[in-house]
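Remarks on the overall topology
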Amino acid sequence: MHLFRLIAFYSVLYFFGTITLATENNPKVVSLNVCTDQFVMLLADDSQIISLSEISTDILSSAMAEEASKYHQNNSGAEEVYLLQPDIVFAGIYTAKATVNMLESLGIRVEKFEPANTIEQIILNMQRTGKLLGHTDRANTLVANFEARLTDLTTGINTRPRAALYYANGYTTGENTLAGQILDLAGFSNIASEIGIHWGGTLPLELLIMSKPDVIITGTTYPGSSRSEEILKHPALKPLRHVSSTDANWVCGTPYIVKAIEDLQTIHPDKMSTK
Amino acid sequence: MNLKLTLLIFLIALFILSLTTGHTTTSFSQGITALYYGDGPLGTVMRQIRLPRAILAILVGASLGVCGAALQGYLRNPLAEPGLIGVSGSAALGAVISLQTGFATYVWMGLPIAAFSFATLAVLLLLLLAGPRGSSLTLILAGIAVSALAGAFTSLALNLSPNPYATSEIVFWLMGSLADRSFEHVWLALPFCLIGWLMIGSIGKALDALTLGEDVASSLSISLTKTKLLLVFGVASSVGAATAVCGAIGFVGLVVPHLLRPLVKGKPSTLLLVSGLGGAVMVLAADIAVRVILPDRDLKLGVLMAIIGAPLFLHLIYKTRSALQ
């Protein structure tokens with residue numbers, strides 16, 4: 001029985017092999033996640049991109065907001081995506097389960113990407129996207145450039161000023177997160193690690209003040225008003241050296257983190273002279 | 001005199017305790033020294049984080065206590081309370097609208113002005129509905145309606161905000177918290193609270209006279225209209241400002257006057273002052289408790305106050321149930 005199925009499978013593959021190969025060389029894709037949006041834009045031909053997620057054009061979340069505006073945007077609903085008839089759907093592992101399950105049950109191939117928190121994961125995601133889109137060489141070039149740029153940025157760091165990442169509601173992130181990695185690569189030590197926060201957690205304002213960081217890096221504030229973000233303007237933070245805000249380059253594990261690192265290094269004592 | 005002094009001593013003791021409660025473990029003397037002379041981080045923590053929080057607890061607590069006592073005296077109804085009758089909820093709605101529309105940012109004192117305006121509307125509406133005697137049933141029903149409407153619009157305004165954090169703050173506006181407030185908030189609330197207290201303080205004698213009935217009060221040449229206006233603007237001003245910076249904290253104005261009334265032999269003018277002190281003591285104590293019980297979670301003051309106040313509210317309804325029918 002098993003053997004029969006296998007034979008059937010391979011004969012089907014044999015007959016339709018040429019056809020599938022044609023589309024697989026140049027699959028048309030829809031992306032449902034702001035991070036996979038960027039991988040797709042970096043590696044696909046224009047003609048391969050059917051649609052990107054709605055927040056791909058949000059300048060606060062997407063490092064490629066401007067480029068994304070020339071593509072169609074979808075609301076990430078199963079019905080809409082199905083009607084776009086993509087060969088592959090790119091999604092994050094946290095994309096709405098119901099949508100992903102529905103698309104899969106309708107026979108659409110959904111590729112789920114884990115959010116990258118490390119350089120290794122970013123590289124793996126780039127290579128995987130390149131392979132899926134039929135542009136392995138393009139991906140390899142991109143990876144090589146990315147690695148070269150990182151090596152360039154991370155050499156010549158002798159001192160590591162203590163920095164605090166501080167977001168709305170007094171949230172901070174540790175070394176296991178993407179923001180923590182960016183901080184580390186830029187040559188700063190993270191005070192979250194000192195107080196035992198390795199992923200994410202609340203850093204009480206009092207503890208932040210008492211730990212006397214050399215610099216404080218706050219999150220971007222959104223339009224409109226919120227009490228959660230008021231803490232970033234608390235008068236008690238004034239004596240601290242507040243430098244920059246995290247922006248769209250910090251959101252996704254893509255080659256754009258290089259820009260985030262460059263921005264941070266404009267205040268790093270070992271890197272300032274070389275600029 | 002004894003009661004006032006006792007409350008004042010409690011107030012001072014809790015104020016100092018509040019200043020020495022927080023995430024940073026420091027000795028009592030170190031903390032107090034840093035409050036005056038500290039240049040380093042401990043000085044910042046004491047002066048910029050803990051001091052405004054303790055001052056705000058007093059402002060908010062005193063406002064709610066005084067207003068509860070004043071409303072109960074005027075309406076001669078122990079169930080009247082700024083939170084229950086929807087004044088706090090309306091003030092929160094005004095505050096949220098002014099923050100989300102930018103009115104609070106671009107207009108000087110815009111935040112407390114908006115909260116005051118909405119609170120005024122709510123008090124006027126309630127007095128209109130409840131009538132001069134303020135029958136319990138109409139008062140409570142009108143309060144439920146005003147609270148529900150204000151709460152719904154507060155949620156709607158926060159849901160429509162372009163800010164992704166706003167929605168999660170519905171609970172702050174409906175339940176209240178003093179966490180990480182700063183002197184900016186003290187300066188916003190202080191003038192309105194003081195004006196409100198003065199207005200309400202000036203009607204103490206009128207409230208005393210009203211216990212004997214409106215006719216007697218009138219014969220004592222007390223202007224009922226003037227009393228009513230001072231009450232409306234006084235309550236709206238102090239509750240509005242307190243809610244604008246700390247969210248709606250319920251039950252303080254119910255519990256405090258209820259506990260203190262027997263001790264002042266039911267005299268409304270004395271009850272105003274002791275309820276102010278008592279309210280400050282209660283909110284200071286509650287704010288210390290939320291920091292000790294769940295230090296990392298920002299337990300909302302309104303939650304704690306409801307746990308204490310709601311059973312008492314039920315008890316009062318039970319006691320006054322014959323009047324309700």
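Please read these numbers as outputs of a predicted model, since none were measured by experiment.

**Some thoughts on the overall build of chain B**
Secondary structure summary: chain B contains 16 helices and 0 strands in total. By the compact-globule yardstick of 20 Å for 325 residues, chain B fits well, its C-alpha radius of gyration being 19 Å. Taking all 325 residues of chain B together, 56% fall into the buried category. Pairs at least 24 apart in sequence give 79% of the contacts found in chain B among residues at least 6 apart. Of the roughly 13,800 Å² of accessible surface on chain B, 72% is carried by carbon and sulfur atoms.

**Observations regarding the side chain of Thr95 of chain A**
All names here are of chain A. Examined against the element boundaries, Thr95 turns out to sit in the loop between β4 (88–92) and α5 (97–105). Residue classification places Thr95 among the buried residues on the basis of a relative accessible area of 13%. At 2.9 Å, the side chain of Thr95 and the backbone nitrogen of Gly92 are in polar contact. Not counting chain neighbours up to four residues away, the residues in contact with Thr95 comprise Leu32, Asn33 and Val100.

**Points about the packing of aromatic side chains**
Overall, the coordinates contain 8 aromatic pairs over all chains when judged by the stated rule. Their ring planes at 35 degrees and their centres at 6.2 Å tell us that Phe116 of chain B and Phe233 of chain B sit as a pair that is tilted. Within this pair, whereas Phe116 of chain B is found in helix α6 (residues 110–130), its partner Phe233 of chain B is found in helix α12 (residues 224–246), the two being separated by 117 residues in sequence. In this structure Phe116 of chain B comes out as partly exposed when scored by relative accessible area, which is 21%. Ring-pair connections join several aromatic residues into one group, and the members of that group are Phe116, Phe192 and Phe233 of chain B. Across the ring face of Phe113 of chain A, the terminal group of Arg128 of chain A is positioned such that the distance to the ring centre comes to 4.0 Å. Of note, Arg227 of chain A hangs over the ring of Phe172 of chain B, and the distance from its end group to the ring centre comes to 4.0 Å.

**Here we look at helix α12 (residues 257–265) of chain A**
Along α12 of chain A, the residues that are buried comprise Ile257, Val258, Ala260, Ile261, Leu264 and Gln265 of chain A. The buried residues of α12 of chain A occupy an angular sector of 160 degrees when the element is viewed end-on, so they sit on one face.

**Remarks on the domain arrangement of chain A**
Residue and element names in this part refer to chain A. What the domain assignment reports for chain A is domain 1 (2–150) and domain 2 (162–272). Its C-alpha centre places domain 1 at a distance of 31 Å from the equivalent point of domain 2. Across the contact, 22 residues belong to domain 1 and 22 residues belong to domain 2. Buried surface at the junction of domain 1 and domain 2, summed over both partners, amounts to about 1,700 Å²; 71% is from carbon and sulfur atoms. Area buried by domain 1 at its contact with domain 2 is led by Leu60, Ala63 and Asn117, which between them contribute 33% of it. Arg149 is the salt-bridge partner of Glu262, the closest N and O atoms lying 2.7 Å from each other. One can count 2 residue pairs in polar contact (both at pLDDT 80 or more) joining domain 1 with domain 2. Elements with a contribution of two residues or more to the side of domain 1 that touches domain 2: α2 (34–43), α6 (119–133) and α7 (136–154). Taken together, the residues of the side of domain 1 that touches domain 2 break down into 15 nonpolar, 5 polar and 2 charged.

**Here's the deal with the pairing of β4 of chain A**
A regular strand places its side chains on the two faces of the sheet in alternate fashion. Residues and elements named next belong to chain A. Counting buried residues in β4 gives 5 out of 5 residues, a clear majority hidden from the surface. With burial as the criterion, each face of β4 is covered, one bearing Ile88, Phe90 and Gly92 and the other bearing Val89 and Ala91. Sheet analysis places strand β1 (residues 29–31) next to β4, joined by 3 bridges and oriented parallel. Bridge pairing in β4 links Val30 to Val89. One ladder, built from 5 bridges, connects β4 with strand β5 (residues 109–113); its direction is parallel. What sits directly across from Val89, in β5, is Val110. Following the chain from β4 across α5 to the adjacent parallel β5, one finds a crossover that is right-handed.

**Some details on the packing of helix α4 (residues 87–101) of chain B against α6 of chain B**
Residue and element names in this part refer to chain B. α6 packs onto α4 with a crossing angle of 145 degrees between their chain directions and a minimal axis gap of 7 Å. When the axes of α4 and α6 are compared, the crossing they make is right-handed. Contact residues: α4 offers Val87, Ser90, Ala91, Leu93, Gly94, Ala95, Ile97, Ser98 and Leu99, while α6 offers Gly110, Leu111, Ala114, Ala115, Phe118, Ala119, Ala122, Val123 and Leu126. Split by residue class, the contact of α4 with α6 holds 14 nonpolar, 4 polar and no charged.

**Comments concerning the packing of α4 of chain B against helix α7 (residues 136–159) of chain B**
Residue and element names in this part refer to chain B. With their axes 8 Å apart at the nearest point, α4 and α7 run at an angle of 20 degrees to one another. One element, α4, and the other, α7, form an angle in the roughly parallel class. As α4 packs across α7, the resulting crossing turns out to be left-handed. Packed against α4, whose contacting residues are Gly89, Ser90, Ala92, Leu93, Val96 and Gln100, the element α7 presents Val146, Ala150, Phe153, Thr154, Ala157 and Leu158 at the interface. A breakdown of the residues in the contact of α4 with α7 according to their chemical character gives 8 nonpolar, 4 polar and no charged.

**Observations concerning helix α9 (residues 183–201) of chain B**
Here α9 of chain B spans 26 Å end to end across 19 residues, near enough to the 27 Å set by a 1.5 Å rise per residue. The sharpest bend along α9 of chain B comes to roughly 30 degrees, located at Ala189 of chain B, with the proline Pro191 of chain B sitting one to four residues further on. For α9 of chain B, the set of buried residues is Phe183, His185, Val186, Ala189, Phe192, Cys193, Gly196 and Ile200 of chain B. Check the buried side of α9 of chain B and you find it contacts α11 (227–230) of chain A together with α3 (41–75), α6, α10 (204–210), α12 and α14 (268–293) of chain B.

**Focus on the state of the cysteines**
Residues and elements named next belong to chain B. Considering all chains together, one arrives at 1 disulfide over all chains under this definition. No disulfide involves Cys193; its sulfur sits 8.6 Å from the nearest other cysteine sulfur, which is in Cys67. Of all cysteine sulfurs, the one in Cys193 lies closest to Cys246, which takes part in no disulfide; the gap is 8.9 Å. We classify Cys246 as buried; its relative accessible area is 0%.

Rules behind the numbers
Residues numbered from 1 in each chain as written. Chains lettered and ligands numbered in written order. Predicted model: local features only at pLDDT ≥ 70, side-chain atom pairs only at ≥ 80, totals over all residues. Heavy atoms only, no water. Helix = DSSP H or I, 4+ residues; strand = E, 2+ residues; numbered from the N terminus. Rg over C-alpha atoms; globule rule 2.2 N^0.38 Å. Buried < 20%, exposed > 50% of the residue type's maximum accessible area, 1.4 Å probe, protein only. Contact = heavy atoms within 4.5 Å. Areas by Shrake-Rupley, 256 points an atom, 1.4 Å probe, with all protein chains shown as cover. Polar contact = N/O pair within 3.5 Å; in protein donor to acceptor, adjacent residues only side chain to side chain. Phe/Tyr/Trp six-rings, centres within 6.5 Å; stacked < 30°, edge-to-face > 60°. Lys NZ or Arg CZ within 6 Å of the ring centre and 35° of its normal. Arc of directions from axis to C-beta. Domains from an automatic or database assignment. Buried area = accessible area lost by both parts, 1.4 Å probe. Salt bridge = Lys/Arg side-chain N within 4 Å of Asp/Glu carboxyl O. Nonpolar A, V, L, I, M, F, W, Y, C, P; charged D, E, K, R; others polar. Pairing = 2+ DSSP bridges. Right-handed = clockwise from strand over helix to strand, strands pointing away. Axes fitted to C-alpha atoms, helices over the stretch in contact; angles between N-to-C directions. Left-handed = near helix turned anticlockwise from the far one by under 90°. Parallel < 35°, antiparallel > 145°, perpendicular 65-115°, else oblique. Expected span 1.5 Å × (residues − 1). Bend = angle between axes of the 7 residues up to and from the residue. Disulfide = S-S within 2.5 Å.

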